[in-house]
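The lines below spell out each chain.
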Amino acid sequence: MSDPNPVLTMTAISKFFPGVRALDGVDLRLFPGEVHALMGENGAGKSTLIKVLTGVYGHDAGSITLDGEPVAFSGPMQATEAGVSTVYQEVNLCPNLSVAENIFIGRQPRRLGAVRWRDMRRRASAVLARLNLDLDVGELLGSQSLAVQQMVAIARAVDVQARVLILDEPTSSLDADEVKQLMRIMRQLRDEGIAIVFVTHFLDQVYEIADRITVLRNGRLVGEYPTAELPQLALVEKMIGKELDALERLDEAAGRDLAAVEAGTPVVEATDLGKSGSVEPFSLTIHRGEVVGMAGLLGSGRTEAARLFFGADRADRGQLAVDGRPVTIRGPVAAIEHDIAFCSENRRTEGLVGELSVRENIILALQAARGWLRPVPRRRQDELVRRYIDALSIRPNDPEMPVRNLSGGNQQKVVLARWLITEPRLLILDEPTRGIDVGAKAEIQRLVVQLSDGGMAVLFISAELDEVLRLSHKVAVMRDRQLVTELANDDDLDADRVMRVIAGGAEQKDGTRHE
Amino acid sequence: MSSWRTRLPAVTGHRLFWPVVVLILLLAANAIYRPSFLAVEMKNGHLYGSLVDIVRLSAPLILVALGMTLVIATGGIDLSVGSVVAVSGAVACLHISQQPDQNSLGSVLVALAMAFGVSLLLGLWNGTLVAVIGIQPIIATLILMVAGRGLAQLITSGQIITINSDPYRMIGVGHVLTLPFAIVLALAVTLLVAVLTRRTALGMIVEAVGGNAEASRLAGIRARRIKLLAYVVSAACAAVAGFMMTANVSSADGNAAGLWVELDAILAVVIGGTSLAGGRFYLGGTVVGALLIQTLTTSVYAMNIDPQTALLFKAMVVIAVCLVQAPAFRAKFRRRRAMTAGPAAPTGEQRKEQVAA
Amino acid sequence: NSDTGDNAGGTAGDDKIVLGFSQVGAESGWRTANTTSVKEAATEAGIELKFDDAQQKQENQIRAIRNFIQQKVDVIAFSPVVESGWDTVLKEAKDAQIPVILTDRAVDSADKTLYKTFLGSDFVKEGRLSAEWLIEETKSATGPVNIVELQGTTGSAPANDRKKGFAEAIAANPNLKIIASQSGDFTRAGGKAVMEQFLKANPKIDVLFAHNDDMGLGALEAITAAGKVPGKDIKIITIDAVKDGMQALADGKFNFIAECSPLLGPQLMDLAKKVHAGEEVPARIETEETTFTQQTAKEALPTRKY
Amino acid sequence: MSTSQLAERLNRTTRWRLPRRQLPVLVSLALLLVMYGIGVSQYQAFSNIQVVFNVFIDNGFLLVVAVGMTFVILTGGIDLSVGSVVAMTAMVSAALLRDGLPPALVLLIALLIGPTLGFVMGCIIHFFEIQPFIVTLAGMFFARGLCTWISSSSIPITDGFWTSAAQERIRIGDNFLTVGVLITVVVVAVAAYTLAYTRLGRNVYAIGGNPQSALLMGLPVGRTRIAVYTISGLCSAIGGILLSFYTLSGAPLIAVGMELDAIAAVVIGGTLLTGGAGYVLGTMLGVLVLGVIQTLITFDGTLNSWWTKIVIGGLLFAFIVLQRLLGFRKKSFSTR
Ligand SMILES: Nc1ncnc2c1ncn2[C@@H]1O[C@H](COP(=O)(O)OP(=O)(O)OP(=O)(O)O)[C@@H](O)[C@H]1O
Ligand SMILES: Nc1ncnc2c1ncn2[C@@H]1O[C@H](COP(=O)(O)OP(=O)(O)OP(=O)(O)O)[C@@H](O)[C@H]1O
Ligand SMILES: [Mg+2]
Ligand SMILES: [Mg+2]
């Protein structure tokens, strides 16, 4: 900021994909020792800009300089060598390698050309310890939760002595504590003079750490602002390009009437449902029109619990009842027959079929439920898909675009749309707002309220406590793979109290609900 | 990528454009070598000519490759098709050869049904190994590739079973409405598979399973059943191909029938644009691929290329097809042209990088 | 079954001879007949046979011979997949003092002491006999005689030798000309597919020379489909004399077959006994073979064993 | 703090899984020993040490080729050209020796053409993004075509160096090994070391795990991919030399279908065809399994041709199913 010489500039960058203008004359200036937030809606072109910078994509126009010298990286390898270290959106690591290797591959400590495994593991542990993470670095990365993987990716980038560090939505799958660690590290690196590009949809984080903000909209540059001079609301308006009333309306949804829904019919009741080695037996009832939030730390077993409802993993003890009748759910097929839908947290490996189009991905579950012999008529497909593309503002709004070409947030919306069109009675949402921009997030939250008002039961898992508190009738708290308690979402429930329960302090596992 | 598409007519952008171009070039080369190559005449009320031969001879390959397309689309591979061809032909011919009246339509139909049934069982076996037990497809089907050929020879006792049955011959060399029956049959099966996959949701479901099996499972697709089905269909197609091949020469040769057909079939599928990694599949492409391969083989005979160099010739054509078909290859040349035409892209090569955002 | 294992252990005093036989494979009816003949003859002669099928791979055959040596069989016999490359393993057999008999195909070892004898037909001669018949047949022909040739699998010994024998013999006669020659892989389907194109490319074909009966039989179908009469419009010469081929010859569809007899079994067993007893045997024994014309085929057909 | 609590719990729950990564290999080894045991109990001569040595002698070239294939498969690729390259190498050596070139020069040339072809194929695969299957299939046609083009009949090798290399017996007690086996062992050792201890080796695994990620992690994906096909070509060339030692000749139709044997050995050895997981030692076990199956069948000596095939298939089936059921490997790694 104070330094007049930017370490990196991108000038008038344009990038075209077939039928899509992803970037159109975008500039970016990066000074040593600053945290620079890159902001924009889903599909605004943030990730593309980063990939152009590091040479993953070539660009159609514009120029890049590093330390005043024009550069054109042929790929991430060159970029890394030149001191540009990147964590791309979505975890891009090798699941088949150990945690330690994922941190060090390509720059392993060696002696006489031979990789020194012991040394590498030791150093990996040290790097992770810096992020306050202590795990067996010899374990396969693929067996770790998404959050841990994200942390490993960050550790890898941070450990390189880079001049430019780029973090594309590193915090989307982290919980508050991890985010705190990351912020600490970022500050430390900034103070060492490293320039950091930080992409996120969490405005609080931006205002906590960023020095300057560059805003993109629809592939175009909106402007570059010092954080101090851009109030939060103005930022949002710049991002979405219009006045924002959706955000305000959200708070109206808060304060949901638990008693009313509890009086209704239970849709799904789990009794001592559990799976050894995965989730301790738990009981949970979800009523018609009820939103049950699930809170807990990373790896507390929320996802695991949700998967049991859907049969994604098979429970080995306990009972599940739908509409009061005991059922055995052998797999997703059975769950869907009982009108249960599950929107997985990991869209890339468990959600989308990248090669198929947006349309096909959206109708996939509906089609599967109807059986292959009864294809959804094309007209109806188009109509449904169109409706949800509009409702969730999926962009680009081309139903025939392969879904892997969509930006991360838009992919998430596609998964959501898939389940919404099946009109389930119980909708399980595992981190549905991950990587989604403020506008769309508000949209989704409003949708959840609307659906539950219409009688749908929702199990809502999110790392953002605010969101959970805003939407749920009650909050189930998980700790150590146990459901420790259920908290009614009344007036005196706030984030602090939930945090205390999560941390295992205040409330005990008494099974009774705090009234 | 988009710029040239607007410049050139849409046809050149079609996936099948380049394979078809190579096919036409091959035919043209033949026609130059021997102008009568393209001639199709009427002989005894049948169409007769090299072109007809090519289509007729490629019929069994088309069938096998169709089944292979589905298997590959689910992310698998089926090496056992050659053996299934041999077994189905052997069972059918053995049964017919044991009949007092080989020309009886009834016993031929029984023979076909038996052979078809056996082949379905073989397909089920493959499918079970892959989808239920979870063995890697290449090795699961390798088992039957080895053992199946033994089975075929066991059935024929290692001999070539010669039969003399007009109804059976019909499948290989008969004609309907001047067209070779084999062509009609291959066309019918192609249409059937196309209708089954594209008029229903089956095709999309198969592509979803091949594209991401776990995501498909979580979307409520019975991924295992789909995989199993693909292997059964593949075996069924191979069985019909087996009938054609054995009927073509009125004899079942447990050793030679369908030898290496799996490689040709996979090649046809790949030339047709289907990725071996699974996912999107293109039946039309597969048919073109099969025709191309048969044309290649027939060209060797028709142009009398020395058998000692025939393989070199084949290698050249295969690599040529792949190259012109590869977008990256064409992009290199376009860039060359663009460089001279106007300001070039500032960076080196644009990666066809399909990383999810 | 452990008792064969015990025998194979080679109790020297055992009077039952153990013969290890490595077969090329089962790639044709001819080969299967050959295998059957060896097996039957072994039972008849009271010789214990250890049979191994090499699936057309030389590596497998070498491995089999090594294992025979390990099992200390009394005599080793094999039909080499290819001519060359046997010295090493044959030396091992010699060191282990196990006599070796070659059947069907020869090896090209410079050291002739590596094996006792070679029992089999002469592929070059088969090609030559075919050519000689043709020369005789077309003695009176004035114009050129157009020959098409269906070769066996490219690179295989019978294909190479039959081609060579035939070509050498017709070289002297300028009238006889091979106008096209392609590989039909020794199979009926191959023979048919190649012949179809020959017929289209060459308006005038007088003679077909096929390296085996099967290709000839396949070609027969192509000729008929093209509206020509096999045996008359196009004369057909083949090699082998398997049953279907002989039938075609007797039916007048083929014109000449040079026999290549697979029935080596009895001769082989005789030799095995002799070499085991240490008797001297001739270094080269040709199988008793003949040639067939349409006339002789009719006579021979009822008594053919394969 | 909570994260360390989490981590501690993770450690507790995951530590017992550690040996599972090697379990498939151990299961394969155990099954191999069982198969060997069956042989010994059935056939007296089977217990000779020389039988074990023979398995190595007779499968050395296959092992070397399979080792090269392991590299390729670990990146998620496949190399169908290996069998033909083996034949081509043997053929070229034989032809050049026949023409009187000095053996050292022949060795050099023969060892160069395989990797060169591999390099070219790797470049085509990488730069033009064509599927490895089809490129290497063309390579297979090409190399085999070259064989028949050189000569349609086999060419014997009489060169002194070759014959002594072929016939040199390394005595160990009553038994012997060949030069080929020593070369094989060296190749296996070098390959295992490369995969485990060099950056190249680790990059191979990374690419197999997820090529896009590997690229984004800044790994030299292109270079590595080209390298594995070159390595496979080199291994095939070495295999070809070993085969020419073994048979002292070059024949155009030799090693037909060896690519399938090599792929089978690699996969039986526990390597995932989709790439990213596997060991060279597993591949060695795979080759030994195939070798022992063949040996069992030869020792039996009662099977006719078709039963041989059926029994090979049956034994493969039994082995793979047991391996799968006992080793219980997860289908693939999920990023969950
Ligand atoms: N490989 C591709 N092919 C075609 N279009 C693409 C490709 N990659 C990205 N796009 C398009 O480019 C636009 C910008 O995408 P990008 O991933 O940069 O968005 P983003 O700002 O990172 O959004 P998000 O916040 O959702 O991650 C989107 O419209 C997307 O659909
Ligand atoms: N297959 C596995 N192997 C090893 N560890 C596993 C496996 N599955 C889950 N875990 C661990 O168990 C923990 C529980 O995971 P789960 O995804 O249910 O937690 P969560 O509360 O949903 O957390 P997140 O917010 O990361 O999704 C994870 O931290 C993960 O590391
Ligand atoms: Mg993005
Ligand atoms: Mg979770």
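Each remark here, short or long, concerns the structure printed above.
Residues numbered from 1 in each chain as written. Chains lettered and ligands numbered in written order. Predicted model: local features only at pLDDT ≥ 70, side-chain atom pairs only at ≥ 80, totals over all residues. Heavy atoms only, no water.

**Overview of the pairing of strand β8 (residues 207-210) of chain C**
Residue and element names in this part refer to chain C.
- Of the two faces of β8, the one carrying Val 207 and Phe 209 and the one carrying Leu 208 and Ala 210 are both buried.
- Pairing between strand β6 (residues 145-151) and β8: 4 bridges, direction parallel. Bridge pairing in β8 places Leu 150 opposite Ala 210.
- Strand direction decides the pairing type here: β8 and strand β9 (residues 235-240), joined by 3 bridges, are parallel. Counterpart to Leu 208 in the pairing with β9 is Ile 236.
- For the segment spanning β8, helix α8 (residues 213-225) and β9, crossover handedness is right-handed. (Buried < 20%, exposed > 50% of the residue type's maximum accessible area, 1.4 Å probe, protein only. Helix = DSSP H or I, 4+ residues; strand = E, 2+ residues; numbered from the N terminus. Pairing = 2+ DSSP bridges. Right-handed = clockwise from strand over helix to strand, strands pointing away.)

**Details of the sheet that holds strand β10 (residues 256-259) of chain C**
Residue and element names in this part refer to chain C.
- Strand order in this open sheet of 6 strands is β7-β6-β8-β9-β10-β12, and the pairing throughout is mixed. Of all the strands in the sheet, the pair left with one neighbour each is β7 (176-183) and β12 (291-293). Direction aside, neighbouring strands of the sheet carry axes that sit 15° apart on average.
- Of the strand pairs in this sheet, β6 and β7 are connected by 7 bridges, and their pairing is parallel. Each bridged residue has a counterpart across the sheet, and for Asn 146 the counterpart in β7 is Lys 177.
- Lying on the sheet, helix α5 (residues 123-137) is in contact with β6, β7, β8, β9, β10 and β12; it crosses β9 at an angle near 155°.
- In this fold α8 packs onto β6, β8, β9 and β10, with an angle of close to 155° to the strand it touches most, β9. (Axes fitted to C-alpha atoms, helices over the stretch in contact; angles between N-to-C directions. Contact = heavy atoms within 4.5 Å.)

**What to know about the coordination of the magnesium ion (ligand 4)**
All names here are of chain A.
- Coordination of the magnesium ion (ligand 4) by the protein is provided by Thr 303 (OG1) and Glu 345 (OE), with metal-donor distances spanning 1.8 to 2.7 Å. Of the two residues, Thr 303 sits in helix α11 (residues 302-310) while Glu 345 sits in the loop between β18 (340-343) and α13 (347-351), which places them 42 residues apart along the sequence. Neither residue differs from the other here; Thr 303 and Glu 345 are each classed as buried. (Donors = N, O, S within 2.8 Å, 3.2 Å for Na, K, Ca; no water.)

**Quick look at the coordination of the magnesium ion (ligand 3)**
- The protein atoms that coordinate the magnesium ion (ligand 3) are A:Ser47 (OG) and A:Gln89 (OE1), at distances of 1.9 to 2.0 Å. You can see A:Ser47 sitting in helix α1 (residues 46-53) and its partner A:Gln89 sitting in the loop between β6 (84-87) and α3 (99-104), a full 42 residues away along the chain.

**Topic: the interface of chain D and chain B**
- In this assembly, 48 residues from chain D lie in contact with 50 residues from chain B.
- Summed over both sides, the interface of chain D with chain B buries roughly 4,400 Å², with 78% coming from carbon and sulfur.
- Here chain D and chain B share 0 salt bridges between them.
- Connecting chain D to chain B are 7 residue pairs in polar contact (both at pLDDT 80 or more).
- In terms of residue count, the dominant contributor to the side of chain D that touches chain B is helix α6 (residues 132-150) of chain D (13 residues).
- Here the side of chain D that touches chain B is composed, by residue class, of 34 nonpolar, 9 polar and 5 charged. (Buried area = accessible area lost by both parts, 1.4 Å probe. Salt bridge = Lys/Arg side-chain N within 4 Å of Asp/Glu carboxyl O. Polar contact = N/O pair within 3.5 Å; in protein donor to acceptor, adjacent residues only side chain to side chain. Nonpolar A, V, L, I, M, F, W, Y, C, P; charged D, E, K, R; others polar.)

**Description of the interface of chain B and chain C**
- In this assembly, 33 residues from chain B lie in contact with 31 residues from chain C.
- Connecting chain B to chain C are 15 residue pairs in polar contact (both at pLDDT 80 or more).
- Looking at the side of chain B that touches chain C residue by residue, the class counts come to 12 nonpolar, 15 polar and 6 charged.

**Considerations on α11(A)**
Residue and element names in this part refer to chain A.
- With respect to burial, α11 is a largely interior element, 9 of its 9 residues being buried.
- Buried residues of α11: Arg 302, Thr 303, Glu 304, Ala 305, Ala 306, Arg 307, Leu 308, Phe 309 and Phe 310, and no others.
- Gly 311 occupies a position one or two residues after α11 and carries a positive phi of about 75°.

**A short note on the pairing of strand β4 (residues 61-66) of chain A**
All names here are of chain A.
- Sheet topology note: the strand β1 (residues 8-17)/β4 ladder contains 5 bridges and is antiparallel. Bridge pairing in β4 places Leu 8 opposite Leu 66.
- Two strands pair when backbone bridges link them, and β4 and strand β5 (residues 69-71) are joined in this way by 3 bridges, in the antiparallel orientation. By the bridge assignment for β5, Leu 66 is matched with Glu 69.

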